Amino acid sequence: MSGAILSLDQGTSATKALVVRPDGSIAAVAEAPVASRVVGSEGFETDAEHLWSSVVVAGTAAADRSGEEIVAVSLANQGETVLAWQRSSGTPLSAAIGWQDRRAAAVCDALAPRREEVRGLSGLQLDPYFSGPKVAWLRPQVPADAVITTTDAWLLHRLAGCYVTDAATASRTLLYDLDRGSWSEELCSMFGVDPASLPDIVANSSVVGTTGAFGRDVPVVGTAVDQQSALFAEGCFERGQAKCTYGTGAFLLTTLGPSATRSAAGLATSVAWRLGATTTYCLDGQVYSAGSAVEWIVGLGIVTSVEDLDAAVDHGATVLRGTEGPDEVFVPALSGLAAPYWAPAARGSWSGLSLSTDRRALVRAVLEGIAANVAVLARAGAADLGESIVRLRADGGLARSVALMQAQADLMQIPVDVYATPHATALGVAAMGRLGLDEATTPAAAVGAWRPSRTFEPACSADEAETRLARWRRAAAAVAYGLGGSTVAE
């Protein structure tokens, strides 16, 4: 059944749709924006019908533009975002509660004495970032017969009438037993969830049904969390291979292989993908505010647009390095600090400001702060692996910034390969679909070969990088410790 796959990447700020040919080339791209709203100081949500509309609009536009015969549809999802809905009709009964939403912090506080038990079963930290606390927080606010799931289960129900989620997405809920590969009765009990109300868990390459939403009926095959999809697309199949996606947040994933090793350094362990009966695991570290931090300074008028970042720091290839780096330090904790600090109450900070601080210095500090946070995550991953990460693969909108990518190479002291297109997530889940259609026999064959659009090499000494990173870590400690952080990242 050779033909093109319509690959849907349902993200935080937009839904992207790609039509991907059998050789991996892209026949068409379409995008529909997703408008979200901030609720108070902790809430972040999206109208569910608006989210669904973005999937239909983007998917239809890409299919129409491509001129290709669509033989299957694949879907990547946001991961930890949840909503309540009526299973019989698919009618949403709440907004989609975004992964950045912190309103379930009290749920986590109440379970704090069982933090290690939660981590041992799930591989995840007890934090409102993950889905389980959001489900518990939302449950009293919706009808008793509502189901509360991650957004992929609802979207797949609307597309194909099924009630499923994939193993990678399930492993991001705090309701999944990482060793057994199934919903955990113990974890579900902690969060007040009936395991029988949750979707069936399927492999990432499974055919889950058929859909006629974009024309004639075709299989829906290939489903995954966006970050795991990007890890797959970038060919990180071997232990120690790592990628970072620089989008709304920045997400560093490192492949573990067939063992679900629990992190001793404050990272999350989850399913990277399940293909057939074979499961691969990964370490995961998060910077909640990356692209959103840039959008924030755009809104403040400090920089005119995301595209203006490099111009704002004189193209950054030199200004982000030096014997000591920038004096100004930014900690991107605008939505709290994630791994390895796990301080949801932390808030962003600028420090080292003086009368000589100008617009350029502030922009430079924001970019360096994002890169430093990722570098700290990489060190935590290396501690768990017992070996250094020797190369980083980068994708996402902010990976276009020369200044950011150079800072990342400098602070990590390794080469950074920028992925050839901004569409790693959609291409990764489409490759999983190819495996499910038996059009490829191995992950490498499904993904195909790719070359980076650019490689950044470290341009400062290891001592200089250490000085800059130590300055950032001191600033991060100042906002994390004493605010509920559970892991000392020193």
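Fair warning: this is a prediction, and the values are worked out from it, not measured in the lab.

**Q** Sorry, what's going on with the sheet that holds strand β3 (residues 26–33) here?
**A** What links the strands of a sheet is backbone hydrogen bonding, and the strands pair in either a parallel or an antiparallel sense. Within the open sheet, the six strands sit side by side as β3-β2-β1-β6-β15-β14. Their pairing is mixed. The open sheet is flanked by β3 and β14 (207–211), the only strands paired with a single partner. Averaged over neighbouring strand pairs, the angle between their axes works out to 25 degrees when direction is ignored. Pairing analysis gives six bridges linking strand β1 (residues 4–10) to strand β2 (residues 14–20), with the strands arranged antiparallel. Across the sheet, residue Leu6 finds its bridge partner in β2, namely Val19. Each of β1, β6 (70–77) and β15 (218–225) is contacted by helix α8 (residues 226–233), which is oriented at about 95 degrees to β15, the strand it contacts most.

**Q** Teacher, can you tell me more about the environment of Ala444 here?
**A** Mapped onto the elements, Ala444 comes out in helix α14 (residues 443–447). On a C-alpha basis, the gap between Ala444 and Glu234 in space is 9.7 Å, while along the polypeptide they are 210 residues apart.

**Q** Help me understand the environment of Thr60 in this model?
**A** Tracing the sequence through the fold places Thr60 in helix α1 (residues 48–66). In this structure Thr60 comes out as partly exposed when scored by relative accessible area, which is 29%. The sequence separation of Thr60 and Leu6 amounts to 54 residues, and the corresponding C-alpha distance is 9.4 Å. Filtering out sequence-adjacent residues up to four positions away, Thr60 remains in contact with Ala213 and Phe214.

**Q** How should I be thinking about the pattern of salt bridges in this particular structure?
**A** Any two side chains of opposite charge can pair, on the condition that their charged atoms come close. One pass over the structure, following the stated rule, counts 20 salt bridges. Between Glu68 and Arg21 there is a salt bridge, with its nearest N and O atoms 3.1 Å apart. Taken together, the residues span a long stretch of sequence, with Glu68 in the loop between α1 and β6 and Arg21 in the loop between β2 and β3 at a distance of 47 residues. Glu68 sits in the partly exposed class, given a relative accessible area of 30%. The exposure class of Arg21 is partly exposed, given its relative accessible area of 28%.

**Q** Please clarify how the pairing of β14 should be interpreted in this entry.
**A** On a regular strand, each side chain points to the face opposite its neighbour's, so the side chains alternate between the two faces of the sheet. Note: β14 against β15, four bridges, orientation antiparallel. For Thr210, the partnering residue across the bridge sits in β15 and is Pro219.

**Q** Where do I start with the packing of helix α11 (residues 359–385) against helix α12 (residues 402–412) in this structure?
**A** For any two helices packed against each other, one specifies the crossing angle of their axes together with the interaxial distance. Where α11 meets α12, the axes come as close as 9 Å, and the angle between the chain directions of the two elements is 40 degrees. Between α11 and α12 the crossing geometry is right-handed. Here α11 contributes Leu367, Glu368, Ile370, Ala371, Ala372, Val374, Ala375 and Ala378 to the contact with α12, which in turn contributes Ala403, Leu404, Ala407, Gln408, Leu411 and Met412.

**Q** What exactly am I supposed to notice about the packing of aromatic side chains here?
**A** Describing an aromatic ring pair means giving the distance of the ring centres and the angle of the ring planes. Scanning the model with the defined rule gives 17 aromatic pairs in all. Aromatic pair Tyr129 and Tyr288: ring centres 5.1 Å apart, planes at 50 degrees, arrangement tilted. Highlighted residues: Tyr129 in the loop between α3 (115–122) and α4 (131–138) and Tyr288 in the loop between β19 (278–287) and α9 (291–299), separated in sequence by 159 residues. Neither residue differs from the other here; Tyr129 and Tyr288 are each classed as buried. On the numbers, 6.4 Å between centres and 90 degrees between planes, the contact of Tyr176 with Trp183 is edge-to-face. Overall, Tyr176 belongs to the buried group, its relative accessible area being 2%. The rings of Trp99, Tyr129, Phe130, Phe251, Tyr288 and Trp342 are connected pair by pair, giving a single aromatic cluster.

**Q** I would appreciate a short explanation of unusual backbone geometry in the present structure.
**A** The phi torsion of most residues other than glycine is negative, and most of the peptide bonds are trans. The linkage connecting Ala339 with the following residue, Pro340, adopts the cis geometry, with an omega of -10 degrees. Its location among the elements puts Pro340 in the loop between β20 (329–331) and β21 (349–351). Here the phi dihedral of Trp342 falls at roughly 50 degrees; this positive angle occurs in a residue that is not glycine. Secondary-structure assignment places Trp342 in the loop between β20 and β21. Owing to a relative accessible area of 2%, Trp342 belongs among the buried residues under this scheme. For Gln413, which is not glycine, the phi dihedral falls at a positive 60 degrees. Relative to the helices and strands, Gln413 resides in the loop between α12 and β23 (416–418). According to the relative accessible area criterion, Gln413 is partly exposed, its value standing at 29%.

**Q** Looking at this structure, how should I read α12?
**A** Note: α-helices contain 3.6 residues per turn, so residues at a spacing of three or four share the same orientation. α12 sits mainly inside the fold: ten of its eleven residues count as buried. Within the span of α12, buried status applies to Ala403, Leu404, Met405, Gln406, Ala407, Gln408, Ala409, Asp410, Leu411 and Met412. The positive-phi residue at the C-terminal boundary of α12 is Gln413, with phi of around 60 degrees.

Conventions and cut-offs
Residues numbered from 1 in each chain as written. Predicted model: local features only at pLDDT ≥ 70, side-chain atom pairs only at ≥ 80, totals over all residues. Heavy atoms only, no water. Pairing = 2+ DSSP bridges. Helix = DSSP H or I, 4+ residues; strand = E, 2+ residues; numbered from the N terminus. Axes fitted to C-alpha atoms, helices over the stretch in contact; angles between N-to-C directions. Contact = heavy atoms within 4.5 Å. Buried < 20%, exposed > 50% of the residue type's maximum accessible area, 1.4 Å probe, protein only. Salt bridge = Lys/Arg side-chain N within 4 Å of Asp/Glu carboxyl O. Left-handed = near helix turned anticlockwise from the far one by under 90°. Phe/Tyr/Trp six-rings, centres within 6.5 Å; stacked < 30°, edge-to-face > 60°.

Honestly, that's just the spatial picture; any functional story needs more than this.
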